[in-house]
Amino acid sequence: MFLRIGIFFACQLAGAAVGWWFGAERGAVAGIAAGGLAWFAVDLLRGLRVVRWLRRGSPAPAPEMLGPWGEAVDRMRRGLRARDQQVEDAQQRLQDFLAAIQASPNGVVLLDAQGRIEWSNQTASQHLGIDPQRDMLQLIGNLVRDPAFTVYYAGNDFSHEITIQGRDSTPSRPMRISVHLHPYGQGRRLLLSRDITGVEQAEAMRRDFVANVSHEIRTPLTVLTGFIETLQNLPLPEEDRARYLGLMAQQAQRMQTLVNDLLTLSRLEGSPLPGAGEWTSLPLLMTQCEEEARALSGLLGKAQQLRFGDAPALEIGGAGSELLSAMSNLVSNAVRYTPASGSIQVQWRSLEGGRGEFSVRDSGPGVAPEHISRLTERFYRVDRSRSRETGGTGLGLAIVKHVVQRHGAELKIDSTPGVGSTFAIQFPTSRLRTAKAGATHAQHATESAAAR
Ligand code: ADP
């Protein structure tokens, strides 16, 4: 500052000296005025340079100056640089924030006070059919036409969410979207959407499952209660008592089978995948299936023609008890559904690429094509009464499907009504190996028993 004043006086002094030289006293006074004016002119020019630089914006190079103007320029330059950095940081944060919302599995739409779309993410566009670019500043009410949403939006009560049909919803592939509006700022609203199709389906399945289990248990229970009342209230001859007790035992057995199958299913769903270190002998599995099939066939008084092919000396990788359960379910279905005059063939064959197939072919009633894809659903039966008559629970093929999936295998069903069916499990190469040389039947039996 002193330098500035010093230069000012120096200019006047120089003006006075030059003026004195030319015009004595009057010249000196004029020289002082001219010196002061010159100083102001130069200072004005310097100021104008700074203003011009400021007008051009921060990217322009700052003028090089000394003195107070130089310091002002320097401070302004630093201030501008700090502001630019802040703007850049804020923009980066905004981009990160928008990218995070974009990555959200939930739909997000920002609405202004008039209900116009200010921003929406990709998920919202899938859920509600909004185009983030094209529909910018469009009224949300014009784009989401579901009547439930119209009422919700107009009602102004956003304390709860509502469920509407998704944009791509079709009768065969329904899509259910939950929508919730949250007011914020000055009259603005945040719309959040969530795909709840899976949740609703799971809930419906749970309800169906509970209803099915209750129904399956109630039937034998009603029969049992009826017999118990009869036995309590009526003096029956010994022969009738024995017959009733026999029927009661049958119903109790039916409930037990159902509970066992339910437990097997829940164990299959809840337990970790079978490890690769456990191996079970294929000949042993086939032998056990054969024993069970012959016993069941005799029990049902059918005595069909049962043929079991040779089992090669192979081992299957996975839980022995699960594998036996899947294979024997297929064999017992064949025995239960094939009439006494029919035939059943169980065999193992090698497939291309080192895979292997366990198959059960029967000459039973067969299954119409429209039922085939649903056979592995829990409690799905083509013929309810026939399934029950033969002691079926409707869970056998659901268990098979789970076991097959857990072992990386595939279940193949081929059936022609009136001709017969083939149910086959195809194992991948990774699950098969040649039995260890010297491994005895007894050894396999021990391994398998331990596995169970
Ligand atoms: P279920 O205990 O009723 O046998 P499953 O899950 O084992 O239950 O089978 C589902 C349905 O598939 C059965 O009810 C039956 O209608 C049909 N099914 C299964 N195996 C056979 C077969 N070998 N022949 C004809 N129908 C079969």
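Bear in mind that the values here come from a model prediction, so they are computed numbers and not experimental data.

Criteria and cut-off values
Going along each chain's sequence as written, the residues are numbered from 1 onward. For this predicted model, a pLDDT threshold of at least 70 governs which residues receive local features, and a threshold of 80 or more governs which side-chain atom pairs are given and counted, while totals over whole chains, interfaces and linings are taken from all residues. Working from all heavy atoms in the structure, the side-chain values ignore hydrogens and water. Per the convention used, a helix needs a DSSP run of H or I reaching at least four residues, while a strand needs a run of E reaching at least two, with both numbered from the N terminus. We call a residue buried when its accessible area falls under 20% of the maximum for its residue type, exposed when it is over 50%, and partly exposed in between, using a 1.4 Å probe and counting protein chains only. Residues count as neighbours in contact if any of their non-hydrogen atoms are within 4.5 Å of one another. When charges are counted, neither His nor the chain ends are considered; positive counts come from Lys and Arg and negative counts from Asp and Glu. Charged side chains are reduced to one point each, which is NZ for Lys, CZ for Arg, CG for Asp and CD for Glu. The split of the chain into domains comes from an automatic or database domain assignment. Buried area is a sum: the accessible area each of two parts loses on coming together, probed at 1.4 Å, counted once for each and added. At least two DSSP bridges between two strands are needed for those strands to be called paired. Axis lines are fitted through C-alpha atoms, for helices just across the contact stretch, and the angle between N-to-C directions can take any value from 0 to 180 degrees. One number per residue, pLDDT, summarises how confident the predictor is, and it ranges from 0 to 100. The near set for a molecule or strand comprises every residue that places at least one heavy atom within 4 Å of it. For this analysis, a polar contact is any N or O atom pair within 3.5 Å, provided that within protein one partner can donate a hydrogen and the other can accept it, and provided that sequence-adjacent residues contribute only side-chain to side-chain pairs. The Shrake-Rupley method, run with a 1.4 Å probe, gives the accessible areas here. Residue values count only the displayed protein chains as cover. Side-chain rings of Phe, Tyr and Trp (the six-membered ring for Trp) are treated as a pair once their centres are within 6.5 Å; stacked means planes under 30 degrees apart, edge-to-face means over 60, and tilted covers the remaining angles. Residues enter a nonpolar core if they are buried and are Ala, Val, Leu, Ile, Met, Phe, Trp, Tyr or Cys, with the set joined through side-chain atoms within 4.5 Å. When a carboxyl oxygen of Asp or Glu is within 4 Å of a side-chain nitrogen of Lys or Arg, the pair counts as a salt bridge. Angles are sorted into four bins: roughly parallel if under 35 degrees, roughly antiparallel if over 145, roughly perpendicular if 65 to 115, and oblique for all others. Handedness of a crossing follows from how the near helix is turned relative to the far one, being left-handed for an anticlockwise turn of less than a right angle and right-handed for a clockwise one. Only Asp, Glu, Lys and Arg are considered charged in this grouping, and only Ala, Val, Leu, Ile, Met, Phe, Trp, Tyr, Cys and Pro are considered nonpolar; every other residue, Gly among them, is considered polar.

## Some remarks on the overall build of the chain
Point 1. Along its length, the chain carries 13 helices and 13 strands.
Point 2. On the principal axes, the C-alpha backbone points of the chain span a range of 155 × 65 × 40 Å.
Point 3. Expressed as a percentage of its 452 residues, the buried residues of the chain come to 37%.
Point 4. Across the chain, every contact between residues at least 6 apart in sequence was considered, and the portion connecting residues at least 24 apart equals 58%.
Point 5. Computing the positive centroid from 49 side-chain charges and the negative centroid from 45, the chain places the two 7 Å apart.

## Describing unusual backbone geometry
If a residue is not glycine, its phi is most likely negative; likewise, a peptide bond is most likely trans.
Point 1. For Asn156, which is not glycine, the phi dihedral falls at a positive 60 degrees.
Point 2. Take Asn156: its relative accessible area is 54%, and that puts it in the exposed class.
Point 3. Here the phi dihedral of Phe379 falls at roughly 65 degrees; this positive angle occurs in a residue that is not glycine.
Point 4. Within the secondary structure layout, Phe379 lies in the loop between helix H10 (369-372) and helix H11 (384-389).

## Brief notes about the domain arrangement of the chain
The accessible area lost on association of the parts is a frequent measure of interface size.
Point 1. Partitioning the chain into domains gives domain 1 (2-98), domain 2 (104-195), domain 3 (204-268) and domain 4 (274-451).
Point 2. Here the C-alpha centroids of domain 3 and domain 4 sit 27 Å apart.
Point 3. With 13 residues of domain 3 at the contact, the number on the domain 4 side is 13 residues.
Point 4. Counting each side, the surface lost to burial between domain 3 and domain 4 is near 1,300 Å², with a carbon and sulfur contribution of 68%.

## Some points on the sheet that holds strand E8 (residues 314-317)
Point 1. Strand order in the open sheet formed by three strands is E6-E8-E13, and the pairing between neighbours is antiparallel. The sheet is open, and its two borders are formed by strand E6 (279-281) and strand E13 (432-434), each paired with just one other strand. Mean inter-strand twist for the sheet, computed between neighbouring axes without regard to direction, equals 35 degrees.
Point 2. Sheet topology places E6 next to E8; three bridges connect them, and they run antiparallel. If you follow Ser281 over to E8, its bridge partner there is Glu315.

## Focus on the pairing of strand E3 (residues 162-165)
Point 1. By the alternation rule, side chains of E3 split into Ile162 and Ile164, which are all buried, and Thr163 and Gln165, of which none is buried.
Point 2. Both E3 and strand E4 (residues 176-184) contribute to a ladder of four bridges, which runs antiparallel. Residue pairing across strands places Gln165 opposite Arg176, the latter belonging to E4.

## Describing the sheet that holds strand E9 (residues 343-350)
Point 1. Read from one edge to the other, the open sheet built from five strands follows the order E7-E9-E10-E12-E11, with strand pairing classed as mixed. The open sheet is flanked by strand E7 (305-308) and strand E11 (410-416), the only strands paired with a single partner. Going across the sheet, the axis of each strand differs from the next one's by a mean of 10 degrees, ignoring polarity.
Point 2. Across seven bridges, strand E10 (residues 356-362) lies against strand E12 (residues 420-427) in antiparallel orientation. Looking at E12, one finds that Phe358 is bridged to Ile425.
Point 3. Its contacts with the sheet place helix H9 (residues 320-337) against E7, E9, E10, E11 and E12, and it is angled at close to 20 degrees to E10.

## Some points on the confidence of the model for the chain
Point 1. For the chain, per-residue confidence averages 90 on the pLDDT scale, and 96% of positions sit at 70 or higher.
Point 2. Every residue in residues 440-452 is under pLDDT 50, and counting partners more than four places away or in other chains gives 18 contacts.

## What to know about the site of the ligand
Point 1. With respect to spatial proximity, 20 residues lie near the ligand, and among them Arg336, Tyr337, Ser387, Gly394 and Leu397 are the closest.
Point 2. Thr393 has a polar backbone atom sitting 2.8 Å from an oxygen atom of the ligand.
Point 3. With respect to the ligand, the backbone of Leu397 contributes an N or O atom lying 2.8 Å from an oxygen atom.
Point 4. The protein chains hide 97% of the 520 Å² of surface that the ligand would expose on its own.

## What about the packing of aromatic side chains?
Point 1. This model, assessed by the stated rule, comprises nine aromatic pairs.
Point 2. Ring geometry for Phe8 against Phe9: centres 5.7 Å apart, planes inclined by 55 degrees, an arrangement best described as tilted.
Point 3. Ring centres of Trp39 and Phe40 lie 5.2 Å apart, and the angle between their planes is 80 degrees; this geometry places the pair in the edge-to-face category.
Point 4. For Trp39, a relative accessible area of 13% gives the class buried.

## Some thoughts on the nonpolar core
Point 1. In this structure, Ile316, Val331, Trp348, Phe358 and Phe427 are the most contacted members of the largest nonpolar core, which totals 43 residues.
Point 2. Counting 19 residues, the second largest nonpolar core, distinct from the first, contains Val109, Ile117, Leu128 and Met175.

## Concerning the pattern of salt bridges
Point 1. Considering all chains together, one arrives at 21 salt bridges under this definition.
Point 2. Residue Arg378 pairs with Glu269 through a salt bridge whose shortest N-O separation is 2.1 Å. Of this pair, Arg378 sits in the loop between H10 and H11 while Glu269 sits in helix H7 (residues 238-270); the two residues are 109 residues apart in sequence, bridging distant segments of the chain.
Point 3. For Arg378, a relative accessible area of 31% puts it in the partly exposed group.
Point 4. Between Glu410 and Lys412 there is a salt bridge, and its shortest N-O distance comes to 3.2 Å.
Point 5. Each of Asp74, Arg77 and Arg78 takes part in a single network of salt bridges with overlapping partners.

## Notes on the packing of H7 against helix H12 (residues 396-406)
To describe two helices that pack against each other, one gives the angle between their axes and the distance between the axes.
Point 1. As a packed pair, H7 and H12 sit with axes 10 Å apart at the nearest point and diverge in direction by 25 degrees. As judged from the angle between their axes, H7 and H12 are roughly parallel. Crossing of H7 over H12 shows left-handed handedness. For the pair formed by H7 and H12, the contact residues are Asp261, Thr264, Leu265, Leu268 and Glu269 on the first element and Ala398, Ile399, His402, Val403 and Arg406 on the second.
Point 2. Looking at the contact of H7 with H12, its residues break down into five nonpolar, two polar and three charged.

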